[in-house]
Each structure stands twice: as structure tokens, then as C-alpha cells.
Amino acid sequence: MTNDSSGDVRLSGISKTYGAFTAVHPLDLTVPQGSFFALLGASGCGKTTTLRMIAGLEEPSSGTVFLGDQEVTNLPPYKRPVNTVFQSYALFPHLDIFENVAFGLRRRGIKSVKKQVEDMLELVQLGEQARKKPHQLSGGQQQRVAVARALINHPKVLLLDEPLGALDLKLRRQMQLELKRIQTEVGITFIHVTHDQEEAMTMADTVAVMNAGRVEQLGSPADLYENPNTTFVANFLGTSNLIEAAVDSKSGDDIVLQAGGGKLVLPQARCSAPTATGGKVLVGIRPEKISLTHADDAGEIPEGRNRITGKIADSSFIGVSTQYVIDSAVCPEFEVYSQNIDRDARLTPGADVVLHWSPAHTFGLDAAQDIDAGVETVEPEEGVAA
Amino acid sequence: MAFVRWLKRHLVVIAGLLTLGYLLLPNVIVTVFSFNKPKGRFNYEWQQFSTDAWRDPCGVADMCGSLSISLQIAVWATIGATVLGTMIAFALVRYRFRARGAVNSLIFLPMAMPEVVMAASLLTLFLNMGAQLGFWTILIAHIMFCLSFVVTAVKARVMSMDPRLEQAAQDLYAGPAQTFLRVTLPIAAPGIAAGALLAFALSFDDFIITNFNAGSTVTFPMFVWGSAQRGTPVQINVIGTAMFLVAVLFVLAGMVIGNRRNKQKA
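Being a predicted model, the structure only gives us computed values, none of them experimental.

What counts and what doesn't
- Residues numbered from 1 in each chain as written.
- Chains lettered and ligands numbered in written order.
- Predicted model: local features only at pLDDT ≥ 70, side-chain atom pairs only at ≥ 80, totals over all residues.
- Helix = DSSP H or I, 4+ residues; strand = E, 2+ residues; numbered from the N terminus.
- Contact = placed C-beta atoms within 7 Å.
- Rg over C-alpha atoms; globule rule 2.2 N^0.38 Å.
- Buried ≥ 20, exposed ≤ 12 C-beta atoms within 10 Å, placed from the backbone.
- UniProt positions renumbered as here; feature names shortened; annotations may be inferred.
- Core = buried A, V, L, I, M, F, W, Y, C linked by C-beta atoms within 7 Å.
- Pairing = 2+ DSSP bridges.
- Domains from an automatic or database assignment.
- Nonpolar A, V, L, I, M, F, W, Y, C, P; charged D, E, K, R; others polar.
- Axes fitted to C-alpha atoms, helices over the stretch in contact; angles between N-to-C directions.
- Parallel < 35°, antiparallel > 145°, perpendicular 65-115°, else oblique.
- Left-handed = near helix turned anticlockwise from the far one by under 90°.
- Expected span 1.5 Å × (residues − 1).
- pLDDT = per-residue confidence, 0-100.

Visitor: Explain the overall build of chain A to me, please; I cannot follow it from the model alone.
Guide: Within chain A one finds eight helices and 20 strands. Counting only C-alpha atoms and orienting by the principal axes, one finds that chain A spans roughly 80 × 45 × 40 Å. Partitioning the intrachain contacts of chain A with sequence separation of at least 6 by distance along the chain shows that 67% fall at a separation of at least 24.

Visitor: Even after reading the chapter, I still don't get the overall build of chain B, so can you show me in this structure?
Guide: Helix and strand content of chain B: 12 helices and zero strands. Helices and strands appear in chain B in the N-to-C order α-α-α-α-α-α-α-α-α-α-α-α. What you see for chain B is a C-alpha radius of gyration of 23 Å, clearly larger than the 18 Å of a compact globule of 266 residues, by over 25%. Oriented by its inertia axes, the alpha-carbon framework of chain B measures out at about 70 × 70 × 35 Å. Residues counted as buried form 29% of the 266 residues belonging to chain B.

Visitor: Explain the UniProt feature "domain: ABC transmembrane type-1" (unreviewed entry) in chain B here, please?
Guide: What UniProt calls "domain: ABC transmembrane type-1" (unreviewed entry) maps, in this numbering, to residues 67–257 of chain B. Between the C-alpha atoms that bound residues 67–257 of chain B the distance is 30 Å, and the span itself is 83% helix and 0% strand.

Visitor: Teacher, can you tell me more about the nonpolar core here?
Guide: Across soluble globular proteins, nonpolar side chains show a tendency to be buried alongside one another. Ranked by size, the top nonpolar core spans 137 residues in total, and within it A:A148, A:I191, A:V209 and A:V283 carry the most contacts. The residues touching A:A148, leaving out its near neighbours within four places in the chain, are A:V101, A:M120, A:L121, A:L123, A:V124 and A:L126. Judged by nonpolar contacts, the second largest core, of 10 residues, contains B:A53, B:V60, B:I236 and B:V238.

Visitor: Explanation requested: the sheet that holds strand β4 (residues 62–67) of chain A in the structure shown.
Guide: Read across the open sheet, the four strands follow the order β2-β1-β4-β5 (chain A); overall the sheet is antiparallel. In this open sheet, the two strands that pair with only one neighbour each are β2 (21–31) and β5 (70–71) of chain A.

Visitor: Before we go on, may I ask you to explain the domain arrangement of chain A in this structure?
Guide: By a widely used convention, the size of an interface equals the accessible area lost when the partners come together. Residues and elements named next belong to chain A. For chain A, the domain assignment lists domain 1 (9–231) and domain 2 (239–366). Measuring from the centre of the C-alpha atoms in domain 1 to the corresponding centre in domain 2 gives 40 Å. The interface of domain 1 with domain 2 comprises five residues on the first partner and seven residues on the second.

Visitor: For this particular structure, what's the right way to read the interface of chain A and chain B?
Guide: Listed as interface residues are 20 residues of chain A and, on the opposing side, 16 residues of chain B. When residues in the side of chain A that touches chain B are grouped by element, the largest group, three residues, is from helix α2 (residues 97–107) of chain A. For the side of chain A that touches chain B, the per-class residue count stands at 10 nonpolar, five polar and five charged.

Visitor: Looking at this model, I keep getting lost on the sheet that holds strand β12 (residues 254–259) of chain A. Mind explaining?
Guide: Pairing between sheet strands relies on hydrogen bonds along the backbone, with the strands arranged either parallel or antiparallel. Residue and element names in this part refer to chain A. Taken together, five strands build an open sheet; the order of strands is β13-β12-β11-β14-β20 and the sheet is antiparallel. In this open sheet, the two strands that pair with only one neighbour each are β13 (262–267) and β20 (363–366). Across the sheet, the mean angle from the axis of one strand to that of its neighbour is 45°, orientation sign disregarded. Sheet topology places strand β11 (residues 241–251) next to β12; five bridges connect them, and they run antiparallel. Within β12, the residue paired with S249 across the bridge is V256.

Visitor: How do you make sense of the packing of helix α3 (residues 63–94) of chain B against helix α7 (residues 135–159) of chain B when you look at a structure like this?
Guide: Helix packing for two helices is described by the angle between their axes and how far apart those axes are. Residues and elements named next belong to chain B. Taken N-terminus to C-terminus, the directions of α3 and α7 make an angle of 40°; their axes are 6 Å apart at the nearest point. As far as their axial angle goes, α7 and α3 are oblique. The handedness of the crossing between α3 and α7 comes out as right-handed. Residues of the contact of α3 with α7, tallied by class, amount to 22 nonpolar, five polar and one charged.

Visitor: What is the right way to read the UniProt feature "transmembrane region" (unreviewed entry) in chain B from this model?
Guide: Residue and element names in this part refer to chain B. Per the UniProt entry, the sites bearing "transmembrane region" (unreviewed entry) are residues 12–35, 73–93, 105–127, 133–154, 183–204 and 234–257 in this numbering. Within the segment residues 12–35, helix and strand shares are 92% and 0% respectively, and the terminal C-alpha atoms sit 35 Å apart. Taken end to end, residues 133–154 comprises 91% helix and 0% strand; its first and last C-alpha atoms sit 31 Å apart.

Visitor: I tried to follow the domain arrangement of chain B on my own but got confused; where do I start?
Guide: Each assigned domain of chain B is listed here: domain 1 (2–52) and domain 2 (61–232). If you average the C-alpha positions of domain 1 of chain B and of domain 2 of chain B, the two centres end up 33 Å apart.

Visitor: What's the story with the packing of α7(B) against helix α9 (residues 176–204) of chain B in this structure? I'm lost.
Guide: Residues and elements named next belong to chain B. Contact geometry for α7 and α9: axes closest at 8 Å, N-to-C directions at 155°. Comparing their axes, α9 and α7 come out roughly antiparallel. Handedness of the α7/α9 crossing: right-handed. Along the contact surface, α7 presents H142, C146, F149, V150, A153, V154, A156, R157 and V158, while α9 presents A188, P190, G191, I192, A194, G195, L198, A199, L202 and S203. A per-class count over the contact of α7 with α9 returns 14 nonpolar, four polar and one charged.

Visitor: What should I look at first to understand helix α6 (residues 115–129) of chain B in this one?
Guide: Note that an α-helix has 3.6 residues per turn; residues three or four places apart therefore point the same way. Its 15 residues place the ends of α6(B) 21 Å apart at the C-alpha level, agreeing with the 21 Å of an ideal helix rising 1.5 Å per residue. Downstream of α6(B) by one or two residues, B:G130 has phi in the positive range, about 70°.

Visitor: Please clarify how the environment of B:S68 should be interpreted in this entry.
Guide: Turning to its location among the elements, B:S68 is positioned in helix α3. On a C-alpha basis, the gap between B:S68 and B:L20 in space is 31 Å, while along the polypeptide they are 48 residues apart.

Visitor: What exactly am I supposed to notice about unusual backbone geometry here?
Guide: One can expect most non-glycine residues to show negative phi and most peptide bonds to be in trans. With a phi close to 50°, A:A90 is a non-glycine residue in the positive phi region. Inspection of the secondary structure assignment puts A:A90 in the loop between β6 (82–85) and α2. A positive phi angle, close to 75°, is found at B:Y173, a residue other than glycine. As for its position among the elements, B:Y173 is in the loop between α8 (163–171) and α9.

Visitor: Got a minute to help me understand the environment of A:A269 in this structure?
Guide: All names here are of chain A. Locating A269 in the fold gives a position in the loop between β13 and β14 (280–285). Assessed through the 12 C-beta atoms surrounding it within 10 Å, A269 is described here as exposed. The sequence separation of A269 and Y78 amounts to 191 residues, and the corresponding C-alpha distance is 47 Å.

Visitor: I'm lost on the pairing of strand β18 (residues 334–339) of chain A in this one. Help?
Guide: Along any regular strand the residues' side chains alternate between the sheet's two faces. All names here are of chain A. Where strand β17 (residues 321–328) and β18 come together, six bridges link them in antiparallel fashion. Looking at the pairing, V325 lines up with E335 of β18. In this structure, the hairpin formed by β17 and β18 is closed by a connection of five residues.

Visitor: Would you explain the confidence of the model for chain B in this entry?
Guide: Low pLDDT means the predicted atomic positions in that stretch should not be read closely. Summing up the model confidence of chain B, the mean pLDDT is 90 and the portion of residues at 70 or higher is 98%. If you check the scores for this complex, the pTM reads 0.79 and the ipTM reads 0.79.

In C-alpha cells:
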């Protein structure tokens, strides 16, 4: 990674409308040189449109695109120093792998391409396949050809449009690491569009979560996961338990909240919502942060922890952990993931339990939002332009 | 029983071979009779083997002249119809314009219209415009009726093309002209070639439309038709057989090249 900003991607006020439909609302975004940046969102959230505006394949309705110091808003794609790895790869079916990879070099009038192409094919471990046609390769190999074909041009930015969407789960994991390795090796800025939150978190330094044509939140994967600012981010990245609560009082840096007769403590710094006394906020807690104790042992729970009582509705053992669904007064389906270290045999469906967690793990959200925003439903068929 | 089982297993192959025989029998007759030495003017009964006609294929007055005219018209009609038809096909698939739906259905009309009707209306048109009937009127007519076929063949191919391939080309520094030459055209080529072959075959053996609009020009099909009334020279069979052989050679060459490519890949 280098510190000069000549490879920064800067979008300012960029938007895209199709007739009455706004695909991307005016958006400001800076992607620093050399970073691995992910645009994450469900299909139709505007992430692919944003990517295509950087590539020049889509003309923005307003705003400007800068690559370093150069404004490229009105440049056609073939004059921009960016390259794209397309969804389903778009390899040229009539050319062999070698010619596919050499395509960009040849179009720029570079005569001796052999060495470069062979080196690039080595980098993606496809040296043996140079004379095959794309349809003779497996999905993972085609994916690597698409990456090689783009990277060989040493673009300022590499754009990846759901590059792993067509691969099966195991291969996808493998390619995630592979792409990350290549990015570290070549040091080029990668902008990666995906609907898979795990993929975004595994690979990217910075993730921008998009929803309905807007960036909901931007930050490092850990930051987004631990401190979501909206219900969409809280639900879309992993799972969150959200409880409606009323602000009771404030004590020092903490807010004391009233929920279902009990009191919960939330650090002021971890609340993105206004907190006037009597106002409502959504209290969030991740399932793995919660400890589960049988009601008979409630006295052993240390002081100062947030606690909620409930009854186990369901439990499923999945090896490394057991996932419980708890029925409680404040939230009908409270999810708790418990590491299988010392399993308490009494924790079976029907058992009365106390859920407790450290207040520092609690986060607060504006209650004026849809509490179920971003909850994963059945994923629609991918490939529809997102 | 064994025979019945054998028959059951090979029924599809047998049916296929019989159909192939049905298709090829006329060609076999044409070829056999190109080696005939007929007694009278008509070449309809087998007399004795001879290679006279093969040694002197242009021995019949005017026949090779008409063949040359037919070939010229077929070549130009193929070029004209392929270029125009390819452009129409791209326009219909790639662009959204107001009359697109209408054009899409109208393009099929010449294929559906009885040829005689079209021939007569073309003649009316040419006469009213005061056009001199001959080579050019035939060519214009041929390009017209070949167009629908070319459009249909190319359109099918262009429709199955992923527009992302052209976007990928642009993304890889190919300007519009380069994108068309390096990506669009090579991928559409099989469709265009199919359309061109169809146009050539249709133009070369067209009789009805040509006969109406030819004036005093005589094409090869017209020559065959004319001579059939007065007597059929063996050379007609020679030309027919030669055309058939050329076509077969083309197909074989295509297969050999295709096989070799596949082997290289593997």
C-alpha cells in the first residue's frame, strides 16, 4: 500500500435515475488508494449501478467521478484506467485464454505481450490452460481468467461485480482468500460489489453497506458489526436482537432504559439515536454476546449486567455452538449463540432462563426505523442487475 | 426374436438412413444421368455410360453464359442481403425505436407471401417506374427476398449474445470500432454465415421471381426450364452434379476444420 492519493476514487454527489426510479441517491464516497473496498447490499440497492458508473458503463444523472486528480465523469469506458471483473465473467468465447488475457494490452497497441500474459497466468495459476477456450474451464478457473484479464492492464482501480456469485460455497471461500492474496500482492485498489455479508467482511478493509440507493453506513467490518447505526445494518450484517425500550434516566456516561418492567444499561457513546428522557430507542445486542443461565442459578449472575428473563423455545446444536431461541416478554424471538464449553443439561426447550450480558456490548438505535429492515429473507435469484 | 430385438435397438438409425436416402435419391439420379448418352434430345432414359458431357460442360449454346449470370447475381445478392440484413438484425435486437415491433413482424412478410404474387407485383413496380428489366432488376428483387432470411438467421444469433461481452471489450480499451471488429462480429459470424449461405442458395435457384423480372436476361434456372421444353442436354446434369459436389466439399472442409480445432483444444 502506498500513501499517495493518485489512485483514490472520489465520487461526489453521484446519482442515477431511470425515469421516476432512483437507483442511486446522490452519494459521496472516497475509496483510498490500495484499499480493498466492498459495496455490500441486497440486490436492487444500487451497488452495481454505482460500480458501473465508476467503470463508465453507466452515465451518472448527476455528480462527478474522480480517479486521483483526473475527472473521468464524461470519459467512455475504454478511456478510463479502470478494469472490471464482470458477474459471470464475460470472457470472450471466440478467443482462447491467452488472447482473452492479452486483449487489453493488444488494444493499447502493445506488441510483445507474451511475457506479460504468461506471468499473469502464472499469478492466477492457469499457465497450463493458455490455449484452451473459456468454455473448457471450470467456473473457478474462468473466474481467475477474468481477474487476470483485468489485472494485466495495471488499472488504477479493479472493479469486481459479484465475482464469486456463480461459484459453489467451498470454491467461493477459496477464491475469497485467493483474491485477497492477489490484492495484497499487486497493491491495486479493489472495489468489490457483493450481496454476501460474510464475503464482504472476510475480504474488505472497508465496507459500505448500501440500502435503497443510499450508503447506510461505512466502516471497517468489525466497526460495522459492533456498532451498527441503523436497523438495516444491524440485521443485514449478522443477526441482532432488537428490543424496544424507553429512556428512563441518565447516569454518568450511561443511559438507563426501561423495557418490559426491567432495566437495561446502554453506554451513551454506543447510541446513535436521540435520547431524551421518555423517548424510545431500540436496544440491540448480538446473539453471541449473551450468556444464558438457568433461572435456578440467577443469584450467581454478577451485578451490573443487563438481564432479561425468558423461556427456551427452541435449541439447535451445531457443533461449535448451540443456538437458542428464547421467548421473553420484551422480544418474542431472542436469539442466543452459546459456545459449547460447559454445557448445562438443564438448558432444554421449556426451561426458564436468565439472559445477561455486559452493558458495553449493548448498542442503541433510533426507534423510528423499521425494526425488521435488512432481515434476510429468501435471497432472490441473483444475476438480476442489482 | 434376435432380429426383432436388433430392429428395436436400431430403429431410429434405420429411420434416419431411410430418410436420408429419400433426401439424396434425386441427387443420385442427377449424377447418374450426367454420365448418360441419350439417343434423342431428352435425357430421361438410361442408354449407355459416357463422359462426353463432363469433358465438354459448356458444349450447349448459351448454357454457361446463363450459369455465369446466375453466379454473378447470387454473389452480389448474397453480399447485398447479408450486409443490409445484418444491420437490420442488429438494429432490431439492440435498439429500442418506435416502429420496432412493426418492423419485426413486417420483416417476415416476404417469406410468407406466395412467390408468384411477389413476382407479379415486382414486375408492376418496375414497369411503372420505367426500369429496364434485366440483370439489375433481378438483383434488386433477389436482395429483397433474401433479406428476410438473413435477418432471421442473424437475429437469432445476436439475441443470444451477452451484451456484457461488448461492455467487457470497452472496459478493456477497445473503442466502438475495435469492439465491433474484435468481439461483436466474430461472435455473430456463424449467424451471418448461415444467412449468407441461405441467401446464396435462394438466389441461385430462384425461378419464379426471376422469370417475371428478367426481361431478355436468362439465368441458369430459366435456361433449364426453357430447354426442358425442347430437350434436356446432359450438361445440365453435369452442372447440377458439380454444384452438389462443391456444396459437399464445403461441408466436409467445415467439418475437418472444426474437428481439428476441437482436437487442438483437448
